[in-house]
Amino acid sequence: MIHIATQNAVRRRKRKEQSEYFFDYSLLFIVLFLLGFGLVMIYSASSYEAFEEFKDTAYYLKKQLIAIIIGLALMIFVANVPYHFWERFAMLGYVVSAAMVPLVMTPLGVESHGARRWIRIPGVGLNLQPAEVAKLCMILFLAVMVCKMGKGVRTMKGFLIMMAVPLPVVLEVYLITKNLSSAIIIMGISVLMVFVASPDYKKFVIMGVAGLTAVAVLVFVIVSASMSGEGAGHWRSARIVAWLDPESAAQGKGFQTLQALYAIGSGGVWGKGLGQSMQKLSFLPEAQNDMIFSIICEELGLFGAIAIIIMFVMLLWRMMVIANNATDLFGAMLVVGVMGHIAIQAILNIAVVTNSIPNTGISLPFISYGGSSVMFLLIEIGLVLSVAKRIQLKEL
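Worth saying up front: this structure is predicted, and the values here are computed from it rather than measured.

Section: the pattern of salt bridges
Summed over the entire model, instances satisfying the criterion amount to five salt bridges. Where D24 meets R318, a salt bridge forms, and the shortest distance between an N and an O atom there is 2.8 Å. Here D24 is found in the loop between α1 (2-20) and α2 (25-54), whereas its partner R318 is found in helix α12 (residues 292-324), with 294 residues between them in sequence. The pair formed by D24 and R318 is uniform in burial state, with each residue classed as buried.

So, the sheet that holds strand β1 (residues 109-112)
Overall, antiparallel pairing links the three strands, which are arranged β1-β2-β3 in an open sheet. Only two strands of the sheet have a single neighbouring strand rather than two, namely β1 and β3 (126-128). On average, each strand axis in the sheet is inclined to that of its neighbour by 50°, with strand direction left out of account. As paired strands, β1 and strand β2 (residues 115-121) are joined by four bridges and run antiparallel to one another. Looking at β2, one finds that E111 is bridged to R116.

A few points about a nonpolar patch on the surface
A cluster of nonpolar side chains, V269, W270, L302, F303, I306, I310 and M314, forms an exposed patch at the surface whose accessible area comes to about 730 Å². Residue placement: I306 occurs in helix α12. Relative accessible area serves as the criterion here: at 41%, I306 is assigned to the partly exposed category.

Reading the values: the criteria
- Residues numbered from 1 in each chain as written.
- Predicted model: local features only at pLDDT ≥ 70, side-chain atom pairs only at ≥ 80, totals over all residues.
- Heavy atoms only, no water.
- Salt bridge = Lys/Arg side-chain N within 4 Å of Asp/Glu carboxyl O.
- Helix = DSSP H or I, 4+ residues; strand = E, 2+ residues; numbered from the N terminus.
- Buried < 20%, exposed > 50% of the residue type's maximum accessible area, 1.4 Å probe, protein only.
- Pairing = 2+ DSSP bridges.
- Axes fitted to C-alpha atoms, helices over the stretch in contact; angles between N-to-C directions.
- Patch = residues over 30% accessible without salt bridge, like charges linked within 9 Å, V, L, I, M, F, W, Y side chains within 5 Å.
- Areas by Shrake-Rupley, 256 points an atom, 1.4 Å probe, with all protein chains shown as cover.

What follows is the structure, given as structure tokens:
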């Protein structure tokens, strides 16, 4: 009997040790797959342009690989730090992220493709996009706010406070950097986190209906103005007109959208084959960045596109499992914020490429070219892995 009791104690101790050192390898595998696939597609989509501009077909690939290596190192570091450690830096992160956005207008600001959205890090040779910093810091700050407010989030006052918190940063990103897509993502992350913390469907239904009505009215006004020849010169108005009828602006704002649709249509079910895209040969602007999904469709066809969408669904499902089994509310809200970020950004990118919504510059998570984006996404994955690491194995 003593021997049996000793064996049972040893088994319980081993189970406890396993639960303490649990690591979500399925989540890590999906992220690594998307990163590897992204590198392949970046090289395929950018090799022609890279050779034309820099005489190096792997120019964009090398830069992205460096960013991924740095991001993976940061992810491993963050994953091995207890996530409650970052709680004390929530307010500092919010203030710093808000202070970084105006820096794009200083001599540190870097302009690319007519947009001034990056700041140069002296001595490092890397550019940083403040909007990416703001997304991460907003997730952290709102997670702390939800925990501190507790049930107060469910009151109207708490709801309004939580909705007002991201507005200063959202307005900064939109007005200073002219980055509408990042502003939408930051606000979308905030709305999702508040919804999960306070699932009062009535408030969100009213807010959603009001938002859709406002957008519909805005589109109607812009279209009416363009038909009468008034106000059609504004570039955002031109994008909406091009969205509704891309062929009417085939040489203007509708050019990129039309080329993306040509790429998607020409790919068919199975695609032309990896590296066989025609649209990347200077026809499709930003082929390795915002429009990389159209190159995936052209080279790998509908099959490749669906496969990538399934990988994103699996990634989000894994995060949902982690959020549901998190040991506390703070950990759950962190994972919800990261899940919201990836979901909103992926959906918006695919919607833009397929012309489901007006064209706005937004990258496909883990796959599109962009150093700042991939580094901060990997930091967020590190936070998710840190939360998962504290979950007992038997709960999963």
